[in-house]
Amino acid sequence: MKNSAFLKLAFSTVAIAVPTAGCTQFGMDAPSTAARAENVQAKKANGWALKAEKLLAKGKADQALTFAEMAVEGDMRNLEYRGLLARSYVANGRFASAERTLMDVMELGQVDPRTVVSLALARIAQGKVESAISLVEANRAILPASDYGLALALAGDAKRAIAVLTDAIRSDN
């Protein structure tokens, strides 16, 4: 009877230990496989982004948009690809999509002059002039005078734009 109880305990232990050991082994391999797949996807995304840049430079905005979208899908965390996507949207006249994409970029932490001015221009193109002016005013500290003045001029505030640009010209000699 002791042998029977011992055998049951032994089989129970084996029944529990073997699947657990197998899962541990698979669990160890999974991250390296996932990491390799992610690396391959990131390389593809980079290639698509480069292709989109070249197409934008050649004025082939519709084709560039396709590759920019693929790049973002390939690497969702890459803010440069999202910026490229926004520029592609602008080149295709899709200002609302550009605005949303640029807002995403800023919400994810990339607040630089190019992004701010691009977002302001996308808003101006949609007739959201006050929103564009508020945006450039809120980010005045990071904007070069030339970008700030340009955004004001495009938003229709010519007097302030002239003053800003004149001061910039005088200070730079």
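Since the structure is predicted, the reported quantities are computational estimates derived from the model, not experimental observations.

Visitor: Can you explain the overall build of the chain? Please cite residues and give values.
Guide: When helices and strands are counted, the chain shows 8 helices and 0 strands. Ordered by position from N to C terminus, the α and β elements of the chain give α-α-α-α-α-α-α-α. Within the chain, buried positions represent 29% of all 173 residues. Restricting the contact set of the chain to residue pairs at least 6 apart, pairs at least 24 apart contribute 42%.

Visitor: Describe the confidence of the model for the chain, with residues and values.
Guide: Summary statistics for the chain give a mean pLDDT of 85 and a share of 80% for residues scoring 70 or more. Residue range residues 9-27 is modelled with pLDDT below 50. Its contacts to residues more than four positions away, or to other chains, number 1 contact.

Visitor: Describe the nonpolar core, and please don't skip the residues or the numbers.
Guide: With 19 residues, the main nonpolar core has Leu135, Val136, Leu143, Tyr148 and Leu152 as its most contacted residues. Residues within four places of Tyr148 in sequence aside, it is in contact with Val136, Glu137, Arg140, Leu143, Arg160 and Val164. Ranked by size, the runner-up nonpolar core spans 13 residues in total, among them Ala71, Tyr81, Ala98 and Ala122.

Visitor: I'd love a proper account of helix 5 (residues 113-125), names of residues and values included.
Guide: The terminal C-alpha atoms of helix 5, which comprises 13 residues, lie 18 Å apart, in line with the 18 Å expected from a rise of 1.5 Å per residue. Residues Thr115, Val116, Val117, Leu119, Ala120, Ala122, Arg123 and Ile124 constitute the buried set of helix 5. Looking one or two residues past helix 5, Gly127 carries a phi angle of roughly 85°, positive in sign.

Conventions and cut-offs
Residues numbered from 1 in each chain as written. Predicted model: local features only at pLDDT ≥ 70, side-chain atom pairs only at ≥ 80, totals over all residues. Heavy atoms only, no water. Helix = DSSP H or I, 4+ residues; strand = E, 2+ residues; numbered from the N terminus. Buried < 20%, exposed > 50% of the residue type's maximum accessible area, 1.4 Å probe, protein only. Contact = heavy atoms within 4.5 Å. pLDDT = per-residue confidence, 0-100. Core = buried A, V, L, I, M, F, W, Y, C linked by side-chain atoms within 4.5 Å. Expected span 1.5 Å × (residues − 1).

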